[in-house]
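Tertiary structure, described
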Amino acid sequence: VIKNVSGRRVWDSRGHPTVEVDVTLENGVMGRAIAPAGASRGTREAIDLRDGGPSVQGKNVRRALESVNGPIAAALKGLDVQDQGGADAAILALDGSPLKDKLGGNATVATSLAIMHAAAADAGKPLWRHISDMTGYAPSLPLPEIQIFGGGAHAGQRVDIQDFMIMVPGASSFDEVMEITNEVYFAAGDIMKAKGKLAGVADEGGWWPMFDSNEEALETLVQAIEKAGETPGDRVVISLDIAASEFGKDGRYRLALEDRDMDSGEMIDMLGGWLDSYPIASIEDPLSEDDVAGTVEFTRRFGDRVQIIGDDYLVTNADLVRDAQAQGACNAVLIKVNQAGTVSESLETFRAARAKGWGAIVSARSGETEDVSISHLATGLGGGQLKVGSFTRSERMVKWNECLRIQDTLGVRSFVGGAPLAATWWG
Ligand code: PGA
Ligand code: ZN
């Protein structure tokens, strides 16, 4: 039984304030979680409540903390912590707005996740096991998507494309994915250094993208995979997050780095050319969030050979996923709990995806913390994928390392490997 819910201000990986929530039960058991924060956000995702004003760049979270310590705490007191759906419904009833702008998505997500942590601790289970038991999915260690170069909104728009990542569906264990990723990451760094282009890292820990074109990043990534002793497209494949809403609107796309303007059809042709030239197994937000016709057309042309993920396009919203399934747009959805605002809504989105055989990729945000909830979520839901950012900086590594700890319990054979991509390119 929930006794107390209290929020405090803590600070995220970009140095911005964020919301941490402690949920304490009558028996003294406690659960804790921290809200992450995106930089390339979808317009239909839950809104973080920020104070505005002159201090801490207007990003203070006093009002979100008031939501937690006031109405949310009052509504949750006395509820059964094992009833995640009931607790989330109580939070939703308080807000009533689809985008959570009354209480703040940062307040609701930290609370909802803290309830889940408290429920697991109360049951004496690791969080991934609790999630598996709560949802009925068999647990397995996810296939990671790991960033090598960061771009877009995470690198001052130095290049237009946001994430240049690898996946290692050919690895035999999660542990092996880590080792191969280490080799590719540092091979990429060596190549950048040799070109005189090494300039630190972007927001999620990937190398800063000192490139003259977006495609140069792709070429360099292929070279890095080779330098690491791998054959591109064999065990190691490429995954891109185009994050096209950052540079596309109303059917027009502008690559600032190349001073290139395109319409939707030209954008699709350019990406199709990349799919032909590089071993790309997964692509996220290839068109902007308002380009339904473009996304449908892209999926029609390439959906049978590449995973097409909706992030800003679907904002972890079950209704939008069902609409997209009916229209034939995308074949996978990114699951970001703070886009939805509660655990229960995120699970509904996951179930909607699975109901039509879609992929589902649990994802961090570019602003992160030591919170490891998503490692457990990806594992507990089973058969999934996990996107966390790159392979440096502890707010990223803590998520990968948590999966390694889970591997000790679940066993190396619980790694899903290429299975999540089997329906698309990898098959
Ligand atoms: P964000 O980006 O967390 O900055 O919104 C992550 C993504 O686009 O996947
Ligand atoms: Zn994205």
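Values in this document were obtained by computation on a predicted structure and should not be read as measured data.

Let's talk about the overall build of the protein
A tally of regular secondary structure across the protein gives 13 helices and 14 strands. Rg of the C-alpha trace for the protein: 21 Å, near the compact-globule value of 22 Å for 427 residues, within the 12% margin. Seen along its three principal axes, the alpha-carbon backbone of the protein occupies a region of about 60 × 45 × 45 Å. For the protein, the proportion of its 427 residues judged to be buried stands at 60%. Positive and negative side-chain charges of the protein, numbering 41 and 61 respectively, have mean locations separated by a distance of 4 Å.

Considering the UniProt feature "domain: Enolase C-terminal TIM barrel" (unreviewed entry) in the protein
Under the UniProt annotation, "domain: Enolase C-terminal TIM barrel" (unreviewed entry) lies at residues 138-417. Between the C-alpha atoms that bound residues 138-417 the distance is 15 Å, and the span itself is 40% helix and 18% strand.

Some details on the packing of aromatic side chains
Applying the stated criterion across every chain yields a total of nine aromatic pairs. An angle of 85 degrees between the planes, with centres 6.5 Å apart, marks the rings of F174 and F415 as edge-to-face. With a gap of 241 residues between them, F174 in helix α5 (residues 174-194) and F415 in the segment after α13 (394-410) connect regions that are remote in the sequence. The same class applies to F174 as to F415, namely buried. Linked through ring pairs, F174, W400 and F415 together constitute an aromatic cluster.

A look at the coordination of the zinc ion (ligand 2)
As a benchmark, a tetrahedral metal site with four donors has ideal angles of 109.5 degrees, while an octahedral site with six donors has ideal angles of 90 or 180 degrees. Listed as protein donors to the zinc ion (ligand 2) are D241 (OD), E284 (OE) and D311 (OD); their distances from the metal cover 2.0 to 2.2 Å. Counting the intervening residues between successive donors of the zinc ion (ligand 2) yields the motif D-x42-E-x26-D. Of this pair, D241 sits in strand β6 (residues 237-241) while E284 sits in strand β10 (residues 280-284); the two residues are 43 residues apart in sequence, bridging distant segments of the chain. Of the two residues, D241 and E284, both sit in the buried class.

A short note on helix α4 (residues 127-135)
Within the span of α4, buried status applies to L127, W128, H130, I131, S132 and T135. Of the surrounding elements, those touching the buried residues of α4 are α3 (105-122), α11 (343-355), α12 (373-381) and α13. G136 sits one or two residues past α4 and shows a positive phi near 85 degrees.

Describing the UniProt feature "binding site: (2R)-2-phosphoglycerate" (unreviewed entry) in the protein
Mapped onto the present numbering, the UniProt feature "binding site: (2R)-2-phosphoglycerate" (unreviewed entry) falls at Q162, K336, R365, S366 and K387. Following the sequence through the fold, Q162 ends up in the loop between β4 (143-150) and β5 (163-167). In this structure, Q162 is in contact with S40, Q147, F149, G150, G151, G152, H154, D241, I242 and A243, ignoring residues within four places of it in sequence. Within polar-contact distance, the side chain of Q162 engages the side chain of S40 at 2.8 Å. Within the element layout of this structure, S366 appears in the loop between β13 (359-363) and α12. Excluding residues that lie within four positions of it along the chain, S366 makes contacts with S13, R14, A37, G38, A39, H154, D203, E204 and R396. Side-chain polar atoms of S366 contact the side chain of H154, separated by 3.3 Å.

Thoughts on the sheet that holds strand β1 (residues 2-11)
Read across the sheet, three strands follow the order β1-β2-β3 without closing on themselves; strand pairing throughout is antiparallel. Only two strands of the sheet have a single neighbouring strand rather than two, namely β1 and β3 (30-34). Taking the axes of each pair of neighbouring strands and ignoring which way they run, one obtains an average angle of 15 degrees across the sheet. Where β1 meets strand β2 (residues 17-25), nine bridges bridge the pair, whose relative direction is antiparallel. Bridged to V5 within β2 is V23. Taken strand by strand, helix α1 (residues 62-76) contacts β1 and β2, and its axis lies near 170 degrees from that of β1.

Calculation criteria
Think of each chain on its own: its residues are numbered from 1, step by step along the sequence as written. To read the labels, note that chains go from A and ligands from 1, taken in the order they are written. Local features are withheld for residues below a pLDDT of 70 in this predicted model, meaning they are given only at 70 or higher, and side-chain atom pairs are given and counted only at 80 or more; totals for whole chains, interfaces and linings count all residues. As a convention, hydrogens and water are excluded, and side-chain values are obtained from all of the structure's heavy atoms. Starting at the N terminus, helices and strands are each numbered in turn, a helix being any DSSP run of H or I of at least four residues and a strand any DSSP run of E of at least two. We compute the radius of gyration over the C-alpha atoms and compare it with the globule rule, which gives 2.2 Å times the number of residues raised to the power 0.38. Exposed residues in this analysis have more than 50% of their type's maximum accessible area, buried residues have under 20%, and partly exposed residues fall in between, with area computed by a 1.4 Å probe over protein chains only. Asp and Glu count as negative and Lys and Arg as positive, but His and the ends of the chain are not part of the count. Just so you know, the charge point we use is NZ for Lys, CZ for Arg, CG for Asp and CD for Glu. UniProt positions are given in the numbering used here, feature names are shortened, and annotations may be inferred rather than shown by experiment. Any Phe, Tyr or Trp ring, taking Trp's six-membered ring, that has another such ring centre within 6.5 Å forms a pair; planes under 30 degrees apart are called stacked, those over 60 apart edge-to-face, and the others tilted. Atoms of type N, O and S within 2.8 Å of a metal are treated as its donors, and for Na, K and Ca the window is 3.2 Å; water is not considered, so some sites may appear to be missing partners. In what follows, residue pairs with any heavy atoms lying within 4.5 Å of each other are defined as contacts. Polar contacts, as used here, are pairs of N or O atoms within 3.5 Å; protein pairs need one atom able to donate a hydrogen and one able to accept it. Residues neighboring in sequence count only if both atoms are side-chain atoms. A strand pair is defined by DSSP finding two or more bridges across the two strands. With axes taken as lines fitted to C-alpha atoms, and helix axes fitted only over the stretch in contact, angles between N-to-C directions fall between 0 and 180 degrees.

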